[in-house]
Structures are given as structure tokens and as C-alpha cells.
Amino acid sequence: KVLQGYVAMHADMWVTPKFLSIVRANIRSYISMHVMSAGVPQISDNADIPTHGWWWDREYNATLLAKRKFLARGWAWGLAIGWVDLYYVPRDAWPEFTSALRVFEESHVFNEIAVPSAATMVCGRRSIHMLPLNCLGSCCSQPLPNWPPSNIAQPMLDSTCGHPLRLEKPAHLAALQAAWM
């Protein structure tokens, strides 16, 4: 079967068969993990770049440089933030998505600004639906390590995706195997 898109996933992410079902049903959508930590501002398209809070005090100049580059190329600016532990990009959007990421890379923009902003702009340009996934946990909220080993499999089975997964822990590995059986 021909590859329909690109999935990027951190090594300690996990997905269940529900994730594959969502991708198959939404093959033309940009799909991403949607978990924000407390205190991170929600940013919308065409927003001014914040100057303080979260990472903005150290990311402002780099983000402003990227914004200027996009505007000079005739792109509509879209600023977004979010986790980038898991995302899917439709195949036909990949060339523009990688081009946008190169602009952010050249400008030295933090990946949790660059990837969601690139997705926002490319999806806007190509009229691609953005589908957020409610994943279990994040780098800053780690539910699995705190659950008793006997209770890890059920939350995984009830979820689409999550983070982190510690494969060196037998209970985590067993839960992942159970989710895929």
C-alpha cells in the first residue's frame, strides 16, 4: 500500500489501534497530540508574538525573524504552540510542511512553536482539517508511572495515545502488548 502520510512520534510515546483507525478515517487531516501544560497561553492565527511567559522571553526574536521570512514569501502568518510528541501530516502537504519547518529551523525557533505554527499555516493554505487527539499524559504529566502495575492496561485500552511509556518497566510493556492483542 502506498504511504498516505508521515507520522512523527517520540520514542516514549505509545499509540493503540484506535490511533490507526483515526488516521485511516481522517487520512487527509493533520492529526496531532493535543495536551497543553498549565500556564501555556493559547495562541491563535495572526496573533502578536508574546514577549514574556512560557518560552516567549527567549523565543521572541527567533519567532519574529521567522514571521518576517514567511510574510516576505507571501505566506499568511499563523502562530501556534503545542506538544510535538505525536503528529501525522498528509502526504500531499509534506513538501510545504517541510519547507515551513526549514524557515523555523533557519530562524532557530523552538520545536513546540515551529511544528504547530507550520501546521497552522500549511493547513490554512491547503484547507486541511486539523484534528487534535486527546492523549493520556505528557512530559509534565505522567500518569502511567504512578499507577499500580495491575491498573495500567485499562487506561491504555481506553485511550488513543499517551506519553511517556517506559519499556524497561515490565508492566508498561505488558500493557502495550495487551493494547495491541
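Along each chain, numbering runs from 1 in the same order as the chain's sequence is written. Thresholds applied to this predicted model are a pLDDT of at least 70 for local features of residues and 80 or more for the giving and counting of side-chain atom pairs; totals over whole chains, interfaces and linings are not thresholded and use all residues. Side-chain numbers here rest on the full set of heavy atoms in the structure, without hydrogens or water.

Side note on the nonpolar core
No. 1: Within the largest apolar cluster, 31 residues are counted, with the highest numbers of intra-cluster contacts made by Tyr30, Phe70, Tyr87, Phe97 and Phe104.
No. 2: Of all the secondary-structure elements, those providing two or more residues to this core are helix H2 (56–72), strand S4 (86–90), helix H3 (94–106) and helix H4 (111–126).
No. 3: It is H4 that contributes the most residues to this core, eight residues altogether.
No. 4: Setting aside residues no more than four positions away along its own chain, tyrosine 87 makes contact with Tyr6, Val7, Ala8, Tyr30, Ile31, Ser32, Phe97 and Val115. We call a set of buried residues a nonpolar core when its members are Ala, Val, Leu, Ile, Met, Phe, Trp, Tyr or Cys and they connect through side-chain atoms within 4.5 Å of each other. Summary of the burial criterion: residues with accessible area below 20% of their type's maximum are buried, those above 50% are exposed, and those between are partly exposed, where the area comes from a 1.4 Å probe applied to protein chains only. Labels follow the DSSP assignment, with helices taken as runs of H or I lasting at least four residues and strands as runs of E lasting at least two, numbered in each case from the N terminus. Only heavy atoms enter the contact rule, under which two residues are in contact if any of them lie within 4.5 Å.

Details of the pattern of salt bridges
No. 1: By convention in these notes, a salt bridge is any Lys or Arg side-chain nitrogen within 4 Å of a carboxyl oxygen on Asp or Glu. Tallying each qualifying case throughout the model produces five salt bridges.
No. 2: Across the salt bridge formed by aspartate 92 and arginine 126, the nearest N and O atoms sit 3.4 Å from each other. Taken together, the residues span a long stretch of sequence, with aspartate 92 in the loop between S4 and H3 and arginine 126 in helix H4 at a distance of 34 residues.
No. 3: For aspartate 92, a relative accessible area of 35% gives the class partly exposed.
No. 4: Taking the relative accessible area as the measure of exposure, arginine 126 reaches 34% and is therefore partly exposed.
No. 5: For arginine 125, the salt bridge is made with glutamate 96, and the minimal N-O distance between the two is 2.8 Å. In this pair, arginine 125 is assigned in helix H4 and glutamate 96 in helix H3, connecting sequence segments 29 residues apart.
No. 6: Relative accessible area serves as the criterion here: at 41%, arginine 125 is assigned to the partly exposed category.
No. 7: Among the charged side chains, a salt-bridge network with shared partners connects Arg28, Asp92, Glu96, Arg125 and Arg126.

Overview of the state of the cysteines
No. 1: When the sulfur atoms of two cysteines come within 2.5 Å, that pair is taken as a disulfide. Scanning the entire structure with this criterion turns up one disulfide.
No. 2: Here cysteine 135 pairs with cysteine 161 through a disulfide, and the sulfurs are 1.8 Å apart. When the S-S torsion is -80°, as for the bridge of cysteine 135 with cysteine 161, the disulfide is left-handed. Taken together, the residues span a long stretch of sequence, with cysteine 135 in the loop between strand S5 (130–133) and helix H5 (143–146) and cysteine 161 in strand S6 (residues 161–162) at a distance of 26 residues. Each of the two residues, cysteine 135 as well as cysteine 161, counts as buried.

A look at the confidence of the model for the protein chain
No. 1: On average, residues of the protein chain score 80 in pLDDT, and 80% of them are at 70 or above.
No. 2: Mean pLDDT per element in the protein chain: H5 is the minimum at 57, and H3 is the maximum at 96.
No. 3: Residue-level confidence of the predictor, termed pLDDT, takes values from 0 up to 100. A low-confidence stretch, residues 35–46 stays under pLDDT 50, and its non-local contacts, those more than four residues away or across chains, total 26 contacts.

Thoughts on the packing of aromatic side chains
No. 1: Two aromatic rings from Phe, Tyr or Trp, using only the six-membered ring of Trp, form a pair when their centres are within 6.5 Å; if the ring planes differ by under 30 degrees the pair is stacked, by over 60 it is edge-to-face, and anything between is tilted. Within the structure shown, the criterion is met by nine aromatic pairs.
No. 2: With centroids separated by 5.3 Å and ring planes inclined at 55°, the aromatic side chains of phenylalanine 70 and tryptophan 75 adopt a geometry described as tilted.
No. 3: The exposure class assigned to tryptophan 75 is buried, which follows from its relative accessible area of 10%.
No. 4: In this scheme, the term charge over a ring applies when either NZ of a lysine or CZ of an arginine sits within 6 Å of the ring centre and within 35 degrees of the ring normal. The ring of tryptophan 75 is capped by arginine 125, whose NZ or CZ atom sits 3.9 Å from the centre of that ring.

Quick notes on the environment of leucine 131
No. 1: Note that leucine 131 resides in strand S5.
No. 2: In sequence terms leucine 131 and isoleucine 22 are 109 residues apart; their C-alpha atoms lie 9.5 Å from each other.

Quick word on helix H7 (residues 170–180)
No. 1: Those residues of H7 not exposed but buried are Ala171, His172, Ala175, Leu176 and Ala179. Projected down its long axis, H7 carries its buried residues within an arc of 135°, all on one side. Here the arc refers to the directions that run from the helix axis out to each C-beta atom.

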